[in-house]
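# Per-entry structural report
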Amino acid sequence: MDPRFRFEPTAVPMPEATRREILAAPGFGKAFTDYMLVMRHTAQTGWAEGVVRARAPFQIDPACAVLHYAQEIFEGMKAYRTPDGGAALFRSGANARRFADSAERMAMPQVPEELFRSAVCALVEVERDWLPDIGQGSLYLRPFMFASEAFLGVRPAAEYLFVIIASPAGAYFKREAAGLSLWVSDSYIRAAPGGTGAAKCGGNYAGGLAAQAEAARAGCDQVLFLDAVERRWVEELGGMNVFFVFDDGSLATPPLSGTILPGITRDSLITLARGCGREVREEPYAIDQWRSDAQSGRLVEAFACGTAAVVASIGQVRGAGLEITISGGRPGPVAAELRAALVDIHHGRAPDPHGWFEKVS
Ligand SMILES: *Cc1c(COP(=O)(O)O)cnc(C)c1O
């Protein structure tokens, strides 16, 4: 392991039989591996005390800054099993860069990109046995950072913890095979110009939960957010970007205007689709245009994408006075094709002209 990280073996690793049971049906975000990586930052020491140790609760002072002012950011990435039984990461440098960008936006110290990647690799190496087999899922990695100083004054904290935990993951949505149903909220927005929409911070998610609850009450899977100013332009879901597929074979996705999270899956799919000769436009798309394009047949598919669920077709969009059905409510072939192309690169089963695949062990 990288000498910057100390390894403290756990006295009580998960019994192998229990681990196998978990890996047979991992679900999402409910089972965790044996270890976590922790690093501490203070103004005096910078990043120090890196340790990989048994996953355990933190002792948190009631005045801990994150509990009051929500200085917190995170990343979501995965380690994948390779055909030779090893482990690989996908574009970890892009996660490292985005983590640094999020830190800057939230007035937090940046983890140097190289340190971020080494930390992720260190944990994956220790948790190799927790990778589900190809076709069974992947090992979801959750790097995060929070203000750990006990102080109630409002200013950037003077102490932070950078932590990585890992969780074996199967399918993200229970009904992955069916098309997702989305709820367009009249009441809520996710991000405004100048706000934190492009940062991966916990606060964005907290602010979206009431909208997600509204979607659930309406019987929908996820909320679809429109822009904050005109309430007209499609932005993204609570945690996934969106794409549209048209009858001429072209694709479109909303542009990164500062209110949308710059998804790495989004960026990868743009590159893959263009590589297959498809035109991909990054352009604003209005919700009323979506309705008329679905009616006229110009829009043939829509899908959401992100690391957790990869690619998920959108079957329906509903809202007050709005009901759109896309491709008969069923998953579309372009979404399936792009998903397969991406998953093949994840596992190292396809040529990788862009250098996205990173063997770890
Ligand atoms: C993480 C996230 C995404 C997807 O990003 P990926 O890098 O593709 O996983 C999209 N939207 C939001 C709001 C997110 O937090």
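To be clear, the structure that these remarks concern was listed above.
None of these values were measured; they are calculated from a predicted model.

Rules of the game
Residues numbered from 1 in each chain as written. Predicted model: local features only at pLDDT ≥ 70, side-chain atom pairs only at ≥ 80, totals over all residues. Heavy atoms only, no water. Helix = DSSP H or I, 4+ residues; strand = E, 2+ residues; numbered from the N terminus. Rg over C-alpha atoms; globule rule 2.2 N^0.38 Å. Buried < 20%, exposed > 50% of the residue type's maximum accessible area, 1.4 Å probe, protein only. Contact = heavy atoms within 4.5 Å. Areas by Shrake-Rupley, 256 points an atom, 1.4 Å probe, with all protein chains shown as cover. Lys, Arg positive; Asp, Glu negative; His and termini not counted. Charge placed at Lys NZ, Arg CZ, Asp CG, Glu CD. Near = heavy atom within 4 Å. Polar contact = N/O pair within 3.5 Å; in protein donor to acceptor, adjacent residues only side chain to side chain. Nonpolar A, V, L, I, M, F, W, Y, C, P; charged D, E, K, R; others polar. Axes fitted to C-alpha atoms, helices over the stretch in contact; angles between N-to-C directions. Parallel < 35°, antiparallel > 145°, perpendicular 65-115°, else oblique. Left-handed = near helix turned anticlockwise from the far one by under 90°.

### A short note on the overall build of the chain
Helix and strand counts for the chain stand at eight helices and 18 strands. Radius of gyration (C-alpha) of the chain: 21 Å, near the 21 Å computed for a compact globule of 361 residues. Viewed in the frame of its principal axes, the chain has a C-alpha envelope of about 60 × 50 × 35 Å. For the chain, with 361 residues in total, the buried portion stands at 52%. Long-range pairs, those at least 24 residues apart, make up 71% of the contacts in the chain between residues at least 6 apart in sequence. Element-wise, carbon and sulfur atoms account for 53% of the exposed surface of the chain, whose accessible area totals about 15500 Å². With 36 positive and 42 negative side-chain charges, the chain shows a separation of 2 Å between the mean positions of the two kinds.

### Concerning the site of the ligand
Near the ligand lie 15 residues; those nearest to it are Lys 200, Tyr 205, Glu 236, Thr 265 and Thr 307. Here an oxygen atom of the ligand and a side-chain polar atom of Arg 98 are 2.8 Å apart. Contact with the protein chains hides 97% of the accessible area of the ligand, taken as 380 Å² for the molecule alone. Grouping the amino acids of the shell around the ligand by side-chain chemistry returns four nonpolar, seven polar and four charged.

### Remarks on the packing of helix 3 (residues 92–105) against helix 4 (residues 113–126)
Pairs of packed helices are described in terms of their axes, by the angle between the two and the distance that separates them. For the pair helix 3 and helix 4, the least separation of the axes is 9 Å and the interaxial angle reads 125°. The orientation of helix 3 with respect to helix 4, classified from their angle, is oblique. In terms of crossing hand, the pair formed by helix 3 and helix 4 is right-handed. Residues Ser 92, Gly 93, Asn 95, Ala 96, Arg 97 and Phe 99 of helix 3 pack against Glu 113, Phe 116 and Arg 117 of helix 4. For the contact of helix 3 with helix 4, the residue count by class is three nonpolar, three polar and three charged.

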